[in-house]
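The chain contents come next:
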Amino acid sequence: MMRNVFFLVFATFGLAGCGQGGNRVDLIPVANRVAATEIKANFLNLSPNPGLPDVKGKVLVVDFWATWCGPCRMEIPTLVKLFGQYHSKGLELWGLSVEANDGRDGEYFRKFIADFQIQYPVGLASPDTLKAYGINPIPTTFFIDKSGKIALSFVGVHPENDFTEAVEKLLAE
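What counts and how
- Residues numbered from 1 in each chain as written.
- Predicted model: local features only at pLDDT ≥ 70, side-chain atom pairs only at ≥ 80, totals over all residues.
- Heavy atoms only, no water.
- pLDDT = per-residue confidence, 0-100.
- Contact = heavy atoms within 4.5 Å.
- Salt bridge = Lys/Arg side-chain N within 4 Å of Asp/Glu carboxyl O.
- Helix = DSSP H or I, 4+ residues; strand = E, 2+ residues; numbered from the N terminus.
- Buried < 20%, exposed > 50% of the residue type's maximum accessible area, 1.4 Å probe, protein only.
- Core = buried A, V, L, I, M, F, W, Y, C linked by side-chain atoms within 4.5 Å.
- Pairing = 2+ DSSP bridges.
- Right-handed = clockwise from strand over helix to strand, strands pointing away.
- Polar contact = N/O pair within 3.5 Å; in protein donor to acceptor, adjacent residues only side chain to side chain.

**Some words on the confidence of the model for the chain**
No. 1: Model confidence for the chain is summarised by a mean pLDDT of 85, while 84% of its residues fall at 70 or above.
No. 2: Scored below 50 in pLDDT, residues 1-22 shows one contact in the model against residues more than four places distant or in partner chains.

**Section: the pattern of salt bridges**
No. 1: Following the criterion strictly, the structure yields eight salt bridges and no others.
No. 2: Here lysine 169 makes a salt bridge to glutamate 165, at a shortest N to O gap of 3.2 Å. Here glutamate 165 and lysine 169 lie together in helix H5 (residues 160-172), a separation of four residues that amounts to about one turn.
No. 3: Judged by relative accessible area, which is 12%, glutamate 165 ranks as buried.
No. 4: One continuous salt-bridge network, built from bridges that share partners, spans Arg33, Asp145 and Glu173.

**Comments concerning the nonpolar core**
No. 1: Grouped together as the largest cluster of nonpolar side chains are 47 residues, with contacts concentrated most on Phe64, Tyr120, Tyr133, Phe143 and Val167.
No. 2: Put simply, the parts of the chain that give this core at least two residues each are strand E3 (59-65), helix H2 (70-86), strand E4 (91-97), helix H3 (106-115), strand E5 (122-125), strand E6 (140-144), strand E7 (149-155) and H5.
No. 3: Ignoring sequence-local partners within four residues, the contact set of tyrosine 120 consists of Asn45, Ile76, Leu79, Val80, Phe83, Leu93, Trp94 and Gly95.

**Brief notes about the pairing of E3**
Within a regular strand, the side chains alternate between the two sheet faces.
No. 1: With seven of its seven residues buried, E3 lies for the most part within the structure.
No. 2: Sheet analysis places E3 next to E4, joined by seven bridges and oriented parallel. The residue of E4 that forms the bridge with aspartate 63 is glycine 95.
No. 3: Read from E3 through H2 to E4, the crossover connection turns out right-handed.
No. 4: Alignment of E3 against E6, held across five bridges, turns out to be antiparallel. Within the sheet, the bridge partner assigned to phenylalanine 64 lies in E6 and is threonine 140.

**Looking at the environment of asparagine 45**
No. 1: Following the sequence through the fold, asparagine 45 ends up in the loop between strand E2 (41-43) and E3.
No. 2: Asparagine 45 sits in the partly exposed class, given a relative accessible area of 25%.
No. 3: Along the primary structure asparagine 45 and glycine 106 are separated by 61 residues, whereas in three dimensions their C-alpha atoms are 9.3 Å apart.
No. 4: For asparagine 45, the contacting residues outside a window of four places in its chain are Ile113, Ile118, Tyr120, Pro121 and Val122.
No. 5: From its side chain, asparagine 45 meets the backbone oxygen of tyrosine 120 in a polar contact 2.9 Å long.

Okay, structure coming up:
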């Protein structure tokens, strides 16, 4: 009996993940989007004082994370790949750590960035930014459209195809 219950549960969850093609990601309708709040952060992997990349007219993905967060670490390879594939097509991506007050020095983060081969800007989010975006669970990712409005957000780990679908839809707008 227990074996049958296990099989039924496994089959139910297994089938739920199969055969789900595109259109799993629904953007907020353009008329209902709100402007993204200004982001304040101390960026760690940009050349001295180059300024952040201009995001006007580009799609911006902002990922809130932490080095100690297992699910956040799981998503980093997806973000690295996403940035590599779509940066030249109009995507900017910023990784904002919630660890600004954790007492870790810049070298700790630079090593982490190098170990994970992160090419997009990574910074320590200010408390004001964390509050403005309502960051509590991480990872939390915001997708901001070309006009600077929030088009979608993810809380928790999401599969790579969800990220890709969201970025492709926003780049096509």
